[in-house]
Amino acid sequence: MQPQQRRNSTQVMVGNVAVGGGAPVVVQSMTNTDTADVDDTVKQIAELADAGSEIVRITVNNKEAAQAVPFIMEKLDRKNVEVPVVGDFHYNGHVLLTQFPDCAKALAKFRINPGNTGTRGRDKNFCTIVEQAVKYDKPVRIGVNWGSLDQQLLALKMDENNELPEPKSSKEVMMDTIIESATRSSALAQDVGLAKDKIIISCKMSGVQDLIHIYRRMAAACDHPLHLGLTEAGMGMKGIVASSAALSVLLNEGIGDTIRISLTPQPGGDRAEEVRVGQQILQSMGIRSFIPQVTACPGCGRTKSTYFQELADEIQGYIREMMPIWRDVYPGVEDMHVAVMGCVVNGPGESKFADIGISLPGTFEEPKAPVYVDGEHRVTLSGDAIGKEFRKMLDDYIMNRFGRKTEQAEA
Ligand code: SF4
């Protein structure tokens, strides 16, 4: 079974990355370093790109940050990190992009929040940013966020609503305003001269059902590519589950051209986790493949040993560690399935479905572990070196199956 056909959208190029128009759904991320700290920011952008982030956003919040942007791009270039970098602007984007043209030139895209372009000069400031985008041939993301919704527009919509014989709830008016803020801003940008194929839209909410509702409406209201993300998703399991729940529904309906998972990391935590979660959502949905998948059973009373958990964890860790090399050397390896199962009940069946799988012995079972390759029983391992031998078989399998492809391609 596959997700529904992708919604049609006008393709936008962000640097060398295509968004929408049938391009693969793009995984992106955002740094949390001080942008003015060039080395720190370069390091984190490189880490995010290495984890597979295809676009990275940085905040450009003051003149020090704007001044740093060209140096960040120069250093990334020297490190051969080719990821497009997007500038996130709030309140003073019109000033920074005008005063620091090298910053505007160096960025691959500008993110504009139409609720944060100023209360007095809202449209004028918005148009100034768009003019810089036109001048330097950059795309923009019109990023509406319910937490910073255009208050002028909201007040107007509330007043209009109050005049209705049957006024809507304030929540409904807010939802209408989010859609209107995005469509109005897109129209304004095009009036200024920005081409349609330079506009991406997002309408982020922090509630799962609200996000699904608003993106369904936005998807029907325009054909701009849509950037999906549950804003302020939260920490750890809550953030991952809520983001997965919201994005899976939309992606399954063909809505969404690029995604970002807004996880709050633990202090000192790995920022790249948000990239891996985004990739895993797409891979679990059967939309894109990034890394071989390890199927492991949850374990139960039939296996008291933790050995299969340790082996599943070891194999998963090994795959992640090797993937930066395998990705280049063994194209297609990301589609591979590995099974590590705890006992004879589902072990052989699940292992046969995998490309390579091992069924470890459960409690009271013979201490033997049959290994299946391409659905056929290949060998039965036993003794203390089961894990090591299985890993060797995994290496051989990858080299024989995916290495040969490379040779054929080169021949
Ligand atoms: S495969 Fe065996 S150990 Fe694993 S959950 Fe199923 S019955 Fe339990």
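All of the points below concern the structure found in this document. Since we're looking at a predicted model, the values are computed, not measured. (Residues numbered from 1 in each chain as written. Predicted model: local features only at pLDDT ≥ 70, side-chain atom pairs only at ≥ 80, totals over all residues. Heavy atoms only, no water.)

## Considering the overall build of the protein
Within the protein, the secondary structure is distributed over 13 helices and 17 strands. Along the first, second and third principal axes, the C-alpha set of the protein runs to 75 × 55 × 40 Å. The burial tally for the protein puts 52% of its 411 residues in the buried class. A fraction of 67% describes how many contacts in the protein between residues 6 or more apart in sequence connect residues 24 or more apart. (Helix = DSSP H or I, 4+ residues; strand = E, 2+ residues; numbered from the N terminus. Buried < 20%, exposed > 50% of the residue type's maximum accessible area, 1.4 Å probe, protein only. Contact = heavy atoms within 4.5 Å.)

## Considering the packing of aromatic side chains
Counted under the stated rule, the structure contains two aromatic pairs. Summarising the aromatic geometry, the rings of Phe89 and Phe110 are spaced 5.9 Å apart at their centres and angled 85° between planes, so their arrangement reads as edge-to-face. You can see Phe89 sitting in strand β5 (residues 85-89) and its partner Phe110 sitting in strand β6 (residues 109-112), a full 21 residues away along the chain. Phe110 shares its class with Phe89; the two are buried. Pairing Tyr318 with Trp326 gives two aromatic rings, centres 5.7 Å apart and planes at 85°, and the pair type is edge-to-face. With respect to class, Tyr318 is no different from Trp326; both count as buried. (Phe/Tyr/Trp six-rings, centres within 6.5 Å; stacked < 30°, edge-to-face > 60°.)

## Some words on the sheet that holds strand β3 (residues 26-30)
Taken in spatial order, the eight strands make up an open sheet running β8-β7-β6-β5-β4-β3-β11-β9, and their pairing is parallel. Of all strands in the sheet, those bounded by a partner on one side alone are β8 (199-204) and β9 (227-228). Each of β6 and β7 (140-145) touches helix α5 (residues 122-135); the most contacted strand, β6, lies at about 170° to it. Where helix α10 (residues 273-284) meets the sheet, its contacts fall on β3 and β11 (258-260), and the angle it forms with β3 comes to roughly 160°. (Pairing = 2+ DSSP bridges. Axes fitted to C-alpha atoms, helices over the stretch in contact; angles between N-to-C directions.)

## Topic: the site of the ligand
By nearness alone, every residue bordering the ligand is listed as Cys297, Pro298, Gly299, Cys300, Arg302, Thr303, Met341, Gly342, Cys343, Val345 and Asn346. In terms of residue class, the shell around the ligand is made up of six nonpolar, four polar and one charged. (Near = heavy atom within 4 Å. Nonpolar A, V, L, I, M, F, W, Y, C, P; charged D, E, K, R; others polar.)

## Re the packing of helix α1 (residues 38-51) against helix α2 (residues 63-78)
Look at α1 against α2: their axes get within 9 Å of each other, and the N-to-C directions meet at 50°. Comparing the axis directions of α1 and α2 gives the class oblique. Helix-helix and strand crossings are classified by hand; for α1 and α2 the assignment is right-handed. In this structure, α1 uses Val38, Asp39, Thr41, Val42, Ile45 and Ala46 to contact α2, whose residues at the interface are Ala68, Phe71, Ile72, Lys75 and Leu76. The class makeup of the residues in the contact of α1 with α2 is eight nonpolar, one polar and two charged. (Parallel < 35°, antiparallel > 145°, perpendicular 65-115°, else oblique. Left-handed = near helix turned anticlockwise from the far one by under 90°.)

## Looking at α10
Compared with the 16 Å implied by 1.5 Å per residue over 12 residues, the 16 Å span of α10 between its first and last C-alpha is a close match. On its buried side, α10 packs onto β3, α1, α9 (236-252), β11, β12 (263-264) and β13 (293-296). In the stretch just after α10, Gly286 is the one whose phi turns positive, near 75°. (Expected span 1.5 Å × (residues − 1).)

## Focus on the pattern of salt bridges
Charged atoms that come close allow side chains of opposite charge to pair. This model, assessed by the stated rule, comprises 29 salt bridges. A salt bridge links Arg7 to Asp257; its shortest N-O distance comes to 3.6 Å. You can see Arg7 sitting in the segment before β1 (12-14) and its partner Asp257 sitting in the loop between α9 and β11, a full 250 residues away along the chain. With a relative accessible area of 14%, Arg7 lands in the buried category. Under the relative-accessibility criterion, Asp257 is labelled buried at 1%. For Asp88, the salt bridge identified is with Arg111, shortest N-O distance 3.1 Å. Placement of Asp88 in strand β5 and of Arg111 in strand β6 is noted, with a sequence separation of 23 residues between them. Take Asp88 and Arg111: they sit in the same class, and that class is buried. Through salt bridges with shared partners, one network takes in Arg122, Asp123, Asp150 and Arg184. (Salt bridge = Lys/Arg side-chain N within 4 Å of Asp/Glu carboxyl O.)

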